[in-house]
Amino acid sequence: MRTQPTTNTSKQAQKRFSAFHWKGRWESPVAGYLFISPWLLGFLLLTLWPMIRSVYYSFTKFTLLDAPDWIGLRNYERIFADDETFRQSLTVTLLFVVISVPIKLVTALLVAMLLNKNIKGISIYRTFIYLPSLIGSSIAVAVLWKNIFGIDGFINKFLSIFGIEGISWISSPGTALGTLIILVAWQFGSSMVIFLAGLKQIPSELYEASSVDGASKLRQFFNITLPMLSPVLLFNLVLQTIGSFQMFTQAFIITKGGPINSTYMYALYLYERAFARYDMGYASALAWILLVIIGIATALIFASSRYWVFYETEGGRKK
């Protein structure tokens, strides 16, 4: 009878020790840092450190062949005062962003609404429509696109059926940029999937109640779908704007910036300045100017969102 309290006390002590042991093991921040260490090392060594170095290089004359020579703000002065190519490439890039982003988002939204149906085999249709986004930025597709819009490409052969004489779409200053915009708009899959997820979250009761009140499909779209989908639209708009400013592969492979610099994107100019002319200091300055431009564009989008983004949890538009 006297050994029972000792046994109970021993068991309670073991439970307390076990609870303390597991709590210390799993709630320690060391375990979390160990799990994220591969990403953290990659970020520090492959992203943050190169960014810090590029800031330094932007204030130097650095050709990759000689040691960096500190010249202060001279690179930035040359860019803004004397570089006509900088202004040309920035103008082309801004035009590309302003045209391609709305077209891509509108296409993605319309296709997402068409695929937001409960019909047999709809998942297969979604998969096939999403495929261009997986391969659209590849070199192989860029080469294929170049052949499609070439003088002997598919587009001109199709037009010849109707007796229309085609042109070399990628060699004409008036149409070359348009071919790149069409290619980018064709890669709407990622935005479509995000829009589709947002459409799934809109309560069907809203559409049922509006139908009872006699609202048409068009009115439902503008009064229900767009307001409820506006946070998703904001997310897609920011992502696509940032991505469009960095457009490089398609312009490099298809047009190489021509003809007459009509598709000479900012990223293409930055690349050629760094790796064709070996002017790494000047290219670093161009890269940081691009970062500031993207930051300003993103800030303007967020500033305007208070007038058109609807947040249901806040009872209306963001204040």
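Only a predicted model underlies this, so the values are computations on that prediction, with no experimental measurement involved. (Residues numbered from 1 in each chain as written. Predicted model: local features only at pLDDT ≥ 70, side-chain atom pairs only at ≥ 80, totals over all residues. Heavy atoms only, no water.)

**Thoughts on the overall build of the protein chain**
No. 1: A count of helical and extended segments in the protein chain gives 14 helices and four strands.
No. 2: Here the protein chain, with 319 residues, has 35% of them falling under the buried criterion.
No. 3: Counted over contacts in the protein chain with a minimum sequence separation of 6, partners at least 24 positions apart contribute 65%. (Helix = DSSP H or I, 4+ residues; strand = E, 2+ residues; numbered from the N terminus. Buried < 20%, exposed > 50% of the residue type's maximum accessible area, 1.4 Å probe, protein only. Contact = heavy atoms within 4.5 Å.)

**Side note on the pattern of salt bridges**
No. 1: Evaluated as defined, the whole model comprises two salt bridges.
No. 2: Measuring nitrogen to oxygen at the nearest pair gives 2.8 Å for the salt bridge that ties Glu84 to Arg87. One end of the pair, Glu84, and the other, Arg87, are both in helix α4 (residues 84–115), three residues apart, so they sit about a helical turn from each other.
No. 3: The exposure class assigned to Arg87 is partly exposed, which follows from its relative accessible area of 30%. (Salt bridge = Lys/Arg side-chain N within 4 Å of Asp/Glu carboxyl O.)

**Re the nonpolar core**
No. 1: Of all hydrophobic cores here, the largest spans 59 residues; its most connected members are Phe86, Phe96, Phe195, Met265, Tyr266 and Leu286.
No. 2: Among residues more than four places away in sequence, those in contact with Tyr266 are Phe86, Ser89, Leu90, Thr93, Leu286, Ile289 and Leu290. (Core = buried A, V, L, I, M, F, W, Y, C linked by side-chain atoms within 4.5 Å.)

**Some remarks on the side chain of Ser89**
No. 1: In this structure, Ser89 sits in helix α4.
No. 2: With sequence-adjacent residues up to four places away left out, Ser89 is seen in contact with Tyr264, Met265, Tyr266 and Tyr269.

**A short note on the layout of surface pockets**
No. 1: Considering only enclosed or pocket space, the largest pocket measures out at about 490 Å³ in volume.
No. 2: Around the largest pocket, the lining is made up of 16 residues, and of these Met113, Asn116, Lys117, Tyr207 and Thr225 lie nearest the centre.
No. 3: Residues that form the lining of the largest pocket fall into these classes: seven nonpolar, five polar and four charged.
No. 4: Every residue lining the second largest pocket is counted, 14 residues in all, and those nearest its centre are Gln246, Leu270, Ala287, Trp288 and Leu290.
No. 5: Elements with a minimum of two residues in the lining of the second largest pocket: α2 (29–57), α13 (266–275) and α14 (280–305).
No. 6: Looking at which element gives the most residues to the lining of the second largest pocket, the answer is α14, with six residues.
No. 7: Its residues placed into classes, the lining of the second largest pocket shows ten nonpolar, four polar and no charged. (1 Å grid on protein atoms, 1.4 Å probe; cavity = no way out; pocket = protein on both sides within 12 Å on 5 of 7 lines; lining within 4 Å. Points joined across faces, edges and corners; volume = space filled by probe spheres on them. Nonpolar A, V, L, I, M, F, W, Y, C, P; charged D, E, K, R; others polar.)

**Quick notes on the side chain of Thr263**
No. 1: Structurally, Thr263 can be placed in the loop between α12 (249–255) and α13.
No. 2: If we ignore the near neighbours within four places in the chain, the residues touching Thr263 are Val92, Ala176, Leu177, Leu180, Ala251, Thr255, Gly257 and Gly258.

**Quick notes on the packing of helix α10 (residues 204–212) against helix α11 (residues 217–245)**
No. 1: Direction vectors running N to C along α10 and α11 enclose 165 degrees, while the axes themselves pass 11 Å from each other. Considered as vectors, α10 and α11 are oriented roughly antiparallel to each other. By crossing handedness, the relation of α10 to α11 is classed as right-handed. Across from Leu206, Tyr207, Ser210 and Ser211 in α10, the residues of α11 making contact are Gln220, Ile224, Thr225 and Met228.
No. 2: Looking at the contact of α10 with α11 residue by residue, the class counts come to four nonpolar, four polar and no charged. (Axes fitted to C-alpha atoms, helices over the stretch in contact; angles between N-to-C directions. Parallel < 35°, antiparallel > 145°, perpendicular 65-115°, else oblique. Left-handed = near helix turned anticlockwise from the far one by under 90°.)

**Quick look at the packing of aromatic side chains**
No. 1: Per the counting criterion, the structure on display carries 18 aromatic pairs.
No. 2: Ring centres 5.4 Å apart and planes at 40 degrees place the aromatic pair Trp145 and Phe149 in the tilted group.
No. 3: For the ring pair Phe158 and Phe162, a centre distance of 5.4 Å and an interplane angle of 70 degrees mean the geometry is edge-to-face.
No. 4: Take Phe158: its relative accessible area is 42%, and that puts it in the partly exposed class.
No. 5: Through a chain of ring-to-ring contacts, three or more aromatic side chains come together here, namely Tyr56, Tyr57, Phe59, Phe62, Trp70 and Tyr76.
No. 6: The aromatic ring of Phe252 is capped on one face by Lys256, whose charged end is 4.6 Å from the ring centroid.
No. 7: In this structure, Arg273 packs its charged tip against the face of Tyr282, placed 3.9 Å from the ring centre. (Phe/Tyr/Trp six-rings, centres within 6.5 Å; stacked < 30°, edge-to-face > 60°. Lys NZ or Arg CZ within 6 Å of the ring centre and 35° of its normal.)

**Here we look at a nonpolar patch on the surface**
No. 1: Taken together, the side chains of Trp39, Leu41, Phe43, Leu44, Leu45, Leu46, Leu48, Trp49 and Ile52 make up a nonpolar region of the molecular surface, amounting to roughly 960 Å² of accessible area.
No. 2: Along the chain, the position of Leu44 falls in helix α2. (Patch = residues over 30% accessible without salt bridge, like charges linked within 9 Å, V, L, I, M, F, W, Y side chains within 5 Å. Areas by Shrake-Rupley, 256 points an atom, 1.4 Å probe, with all protein chains shown as cover.)

**Concerning the environment of Leu177**
No. 1: Within the secondary structure layout, Leu177 lies in helix α8 (residues 176–186).
No. 2: Residue Leu177 is classed as buried on the basis of its relative accessible area of 10%.
No. 3: Sequence spacing of Leu177 and Val92 is 85 residues, and the spatial spacing of their C-alpha atoms is 8.6 Å.
No. 4: Dropping the residues within four chain positions of it, Leu177 is found in contact with Val92, Leu95, Phe96, Ser262, Thr263 and Met265.

**Description of the packing of helix α3 (residues 74–82) against α14**
No. 1: Look at α3 against α14: their axes get within 9 Å of each other, and the N-to-C directions meet at 70 degrees. As the angle between them shows, α3 and α14 are arranged roughly perpendicular. The handedness of the crossing between α3 and α14 comes out as right-handed. Contacts between α3 and α14 involve Asn75, Tyr76, Arg78, Ile79 and Phe80 on the former and, on the latter, Gly281, Tyr282, Ala285, Leu286, Trp288 and Ile289.

**Re α8**
No. 1: Of all eleven residues in α8, eight are buried, a share of seventy percent or more.
No. 2: Considered for burial, the residues of α8 that qualify are Ala176, Leu177, Thr179, Leu180, Ile181, Leu183, Val184 and Ala185.

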